[in-house]
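# Reading the structure
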Amino acid sequence: LCYGDSMTVGFCKGGREFAPYARTLAERVSSLGSRACEVLTCGLSGMRADTMADGLTSDGLVDVMGFRGKGLARILDESGPFDVVLIMAGTNDLGCHQAPSRV
């Protein structure tokens, strides 16, 4: 599972395109072994870490692009178990002038 903000969903070209790193991750991991690797992605553009934490069990977090995603705990409960969970959060907090120590 890859979970996080716009970096996770691969936000690019002002939101006209998305290129999630999970695609490349799945391809690379699959190329190392005999089994295919599935990677579920939930990237929420513009979402701050505190909002993600507050919405852990939500089934309807809405990002700045208007896309809906689930909270991390809900995804783990409904779609898990996962062998690996990668979480990328905090880049939007820094952009919103949050002190790094608070992120």
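In what follows, the structure referred to is the one given above.
Predicted, not measured: the structure shown is a model, and the values here were computed from it. (Residues numbered from 1 in each chain as written. Predicted model: local features only at pLDDT ≥ 70, side-chain atom pairs only at ≥ 80, totals over all residues. Heavy atoms only, no water.)

## Some words on the sheet that holds strand S7 (residues 86-88)
To keep things clear, this is the line we draw: The pairing criterion for strands is at least two bridges between them, as found by DSSP. In DSSP terms, a helix is any run of H or I states spanning at least four residues, a strand is any run of E spanning at least two, and both are numbered starting from the N terminus. Every axis in this analysis is a line fitted to C-alpha atoms, fitted for helices over the stretch in contact. Angles between the N-to-C directions lie between 0 and 180 degrees.
With parallel pairing, the 3 strands of this open sheet are ordered in space as S4-S1-S7. Sheet topology places strand S4 (41-43) and S7 at the edges, where each strand pairs with a single neighbour. Mean inter-strand twist for the sheet, computed between neighbouring axes without regard to direction, equals 15°.

## Quick word on the state of the cysteines
What counts is decided by this rule: The disulfide criterion is simple: two cysteine sulfur atoms within 2.5 Å. The classification of residues rests on relative accessible area computed with a 1.4 Å probe and restricted to protein chains. Under 20% of the type maximum is buried, over 50% is exposed, and intermediate values are partly exposed.
Applying the stated criterion to the full structure yields 0 disulfides. Cys2 takes part in no disulfide bond, and the closest cysteine sulfur, belonging to Cys37, lies 8.8 Å away. Cys2 gets classed as buried once you look at its relative accessible area, which sits at 1%. Cys2 supplies the cysteine sulfur nearest to Cys12, a cysteine that is in no disulfide, at a spacing of 16 Å. On the basis of relative accessible area, Cys12 is assigned to the partly exposed category, the value being 27%.

## A closer look at the side chain of Asp5
This is how the line gets drawn: Positive charges are assigned to Lys and Arg, negative charges to Asp and Glu, while His and the chain termini are left out of the count. Whenever Lys or Arg places a side-chain nitrogen within 4 Å of a carboxyl oxygen from Asp or Glu, that contact is recorded as a salt bridge. Throughout this description, a polar contact denotes any pair of N or O atoms lying within 3.5 Å of each other; where both atoms belong to protein, one of them has to be capable of donating a hydrogen while the other can accept it, and for residues adjacent in sequence the pair is counted only when both atoms sit in side chains. Note on definitions: a residue-residue contact is assigned when non-hydrogen atoms from the two residues lie within 4.5 Å.
Along the polypeptide, Asp5 turns up in the loop between strand S1 (2-4) and helix H1 (6-9). One buried charged residue, Asp5, remains without a salt bridge, the closest side chain of opposite sign being Arg48 at 10 Å. At 3.1 Å, the side chain of Asp5 and the backbone nitrogen of Met7 are in polar contact. Discounting residues that sit within four places of it in the chain, Asp5 has contacts with Gly43, Leu44, Ser45, Met47, Met52, Met88, Ala89, Gly90, Thr91 and Asn92.

## Regarding the packing of aromatic side chains
Selection rule: Stacked, edge-to-face and tilted are the three classes for Phe, Tyr and Trp ring pairs, Trp counted by its six-membered ring, which pair at centre distances within 6.5 Å; planes under 30 degrees apart are stacked, over 60 edge-to-face, the rest tilted.
For the structure shown, the criterion picks out 2 aromatic pairs. With a centroid separation of 5.9 Å and 75° between ring planes, the pair formed by Phe11 and Phe18 is classed as edge-to-face. The exposure class assigned to Phe11 is partly exposed, which follows from its relative accessible area of 34%. Between Phe18 and Phe67, the ring centres sit 5.8 Å apart and the planes meet at 80°, which makes this aromatic pair edge-to-face. Here Phe18 is found in strand S3 (residues 17-18), whereas its partner Phe67 is found in the loop between strand S5 (61-62) and strand S6 (68-69), with 49 residues between them in sequence. Here the aromatic cluster, defined as three or more aromatic residues joined through ring pairs, consists of Phe11, Phe18 and Phe67.

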